[in-house]
Amino acid sequence: MSQERLPFTRPNIDEATIEGVAEVLRSGWLASGPMVKAFERKLSEFVGGRPVRAVTSATEALEIALLAAGVGPGDEVITSPMSFCATANVILRIGARPVFVDVNLDTRNLSLDETAFAITDRTRAILPVHFAGLPVNLDQLYGLATRHDLRVIEDAAHAIGSSFQGRRIGSCGDLVCFSFHPNKNLTSGEGGAIVVSSEDELRYVERARFHGMERDGPGEMDVYFPGMKANMSDICARIGLGQLERLDEFNARRRELASRYFKHWEHDAPLRLPARGDQGHSWHMFAPLLPLEDAELTRAEFIRRMDEFGIGVGVHYPAIHRFSAYQALGWRAGMYPNAERIGRETVTLPLFPAMRDADVDRVVGAVNHVLGVIA
Ligand SMILES: *Cc1c(COP(=O)(O)O)cnc(C)c1O
């Protein structure tokens, strides 16, 4: 049984992009230059003409977006405990306080009904995650934000190319942040982007990502505040440009592969499948919950057994409030039961555009076998 190892994800960089990167390397201009400008222009087109600026990661994008929205020390930001740790870390880093609201077990998205009850005098913003590429209900989200005069920073790290009822993520709403980490639906090696809502914010983001600096004509510049160093390089931007051209194709393939998992497990799925969503779902990942209570198996054992079949399985994510840094600030086990259960039971099965149909069949066969299903 010498099958090729199947990772849970793998970036898909074509030869034209590799050649394009080589040209950038030969050009002598590696820092932020024409490629970053071109990438930003294409990203802006992709989100319906709204202004977009590229940065080094979604983590930096989120931190800058919070600051651009005027969130600061003492403010509360409502967010999800079921995300990559960066989502909440950035709130702490700027001196604000994350207020976690539990997620739905199947969508993994922030419960917006419960969010309404978490709003206080100190709440300044809501920072939801479009988990796995399944958008939160934007009507409900922005209805709530408008009623309570709150800013919204969308963590759209999983959601480039997703749409909610025909509206593409980033094409509407307040501040929207994307990630171009190699595992995401579109990569630039590492990178991220911010969609902003106003000219003032655009200016703030441009300064914040580069030392708080602005150039005022030849040889002239000023520093307005001690900014970050979070500008994207032309090397990364060229990778992103090559990826953006193929994003729709990649996401369509992700949808097909997800459908194939659902079809296999239409009846008697041996694990709890994620919410299916609709055509607006971009399927950044396929992450069911293991039946740990019924199966006489730990997750570590499941991952090990899948590994024996040559299949890589990820875990996205442990609940954020259970990390030491958050326990030290007073969060406790039991506070967000759905996030904690997901954190314990979730596994991410292989899903990436270059996968073949037969790879899905192979994963399903292995999962069924490991979970003791008689096919
Ligand atoms: C990947 C990710 C981030 C961070 O993205 P980087 O580009 O790696 O900084 C933030 N939020 C979520 C939900 C993510 O998955």
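Residues numbered from 1 in each chain as written. Predicted model: local features only at pLDDT ≥ 70, side-chain atom pairs only at ≥ 80, totals over all residues. Heavy atoms only, no water.

**Let's talk about the pairing of strand 8 (residues 175-179)**
Moving on, step 1. Along strand 8, 5 of the 5 residues are buried, which leaves the element largely enclosed by surrounding structure.
Moving on, step 2. Of the two faces of strand 8, the one holding L175, C177 and S179 and the one holding V176 and F178 are both buried throughout.
Moving on, step 3. Relative to strand 8, strand 5 (residues 151-155) runs parallel, the two sharing 3 bridges. Note on strand 8: the bridge partner recorded for E154 is V176.
Moving on, step 4. Bridge analysis of strand 8 against strand 9 (residues 192-195) gives 4 bridges, and the strand direction is antiparallel. Among the inter-strand pairings, F178 is bridged to a residue of strand 9, identified as A193. (Buried < 20%, exposed > 50% of the residue type's maximum accessible area, 1.4 Å probe, protein only. Helix = DSSP H or I, 4+ residues; strand = E, 2+ residues; numbered from the N terminus. Pairing = 2+ DSSP bridges.)

**Some thoughts on the site of the ligand**
Moving on, step 1. Among the 15 residues in the neighbourhood of the ligand, the closest are listed as T59, D155, H158, S179 and K184.
Moving on, step 2. Take T59: an N or O atom from its side chain is 2.5 Å from an oxygen atom of the ligand.
Moving on, step 3. Between H158 and the ligand, the recorded distance is 2.7 Å, taken from a side-chain N or O atom to an oxygen atom.
Moving on, step 4. Counted by class, the shell around the ligand contains 5 nonpolar, 8 polar and 2 charged residues. (Near = heavy atom within 4 Å. Polar contact = N/O pair within 3.5 Å; in protein donor to acceptor, adjacent residues only side chain to side chain. Nonpolar A, V, L, I, M, F, W, Y, C, P; charged D, E, K, R; others polar.)

**Structural notes on the packing of helix 10 (residues 299-308) against helix 13 (residues 357-370)**
Moving on, step 1. Where helix 10 contacts helix 13, the axes come no closer than 10 Å and their chain directions differ by 130°. The angle between helix 10 and helix 13 falls in the class oblique. For the element pair helix 10 and helix 13, the recorded crossing hand is right-handed. Judged by residue contacts, F302, R305 and M306 of helix 10 engage V363, A366, V367, H369 and V370 from helix 13. (Axes fitted to C-alpha atoms, helices over the stretch in contact; angles between N-to-C directions. Parallel < 35°, antiparallel > 145°, perpendicular 65-115°, else oblique. Left-handed = near helix turned anticlockwise from the far one by under 90°. Contact = heavy atoms within 4.5 Å.)

**Comments concerning the domain arrangement of the chain**
Moving on, step 1. Split into domains, the chain comes out as domain 1 (15-245) and domain 2 (247-370).
Moving on, step 2. For domain 1 and domain 2, the distance between their C-alpha centroids amounts to 25 Å.
Moving on, step 3. Between domain 1 and domain 2, the residue contacts involve 40 residues of the former and 38 residues of the latter.
Moving on, step 4. With both chains or domains summed, domain 1 and domain 2 bury close to 3200 Å², and 58% of this area falls on carbon and sulfur atoms.
Moving on, step 5. There are 2 salt bridges connecting domain 1 and domain 2.
Moving on, step 6. For the salt bridge of D106 with R272, the shortest nitrogen-to-oxygen distance reads 2.8 Å.
Moving on, step 7. Here domain 1 is connected to domain 2 by 20 residue pairs in polar contact (both at pLDDT 80 or more).
Moving on, step 8. Counting only elements with at least two residues in the side of domain 1 that touches domain 2, the list comes to helix 4 (86-93), strand 3 (97-100) and helix 8 (234-244).
Moving on, step 9. A class-by-class count of the residues in the side of domain 1 that touches domain 2 yields 20 nonpolar, 13 polar and 7 charged. (Domains from an automatic or database assignment. Buried area = accessible area lost by both parts, 1.4 Å probe. Salt bridge = Lys/Arg side-chain N within 4 Å of Asp/Glu carboxyl O.)

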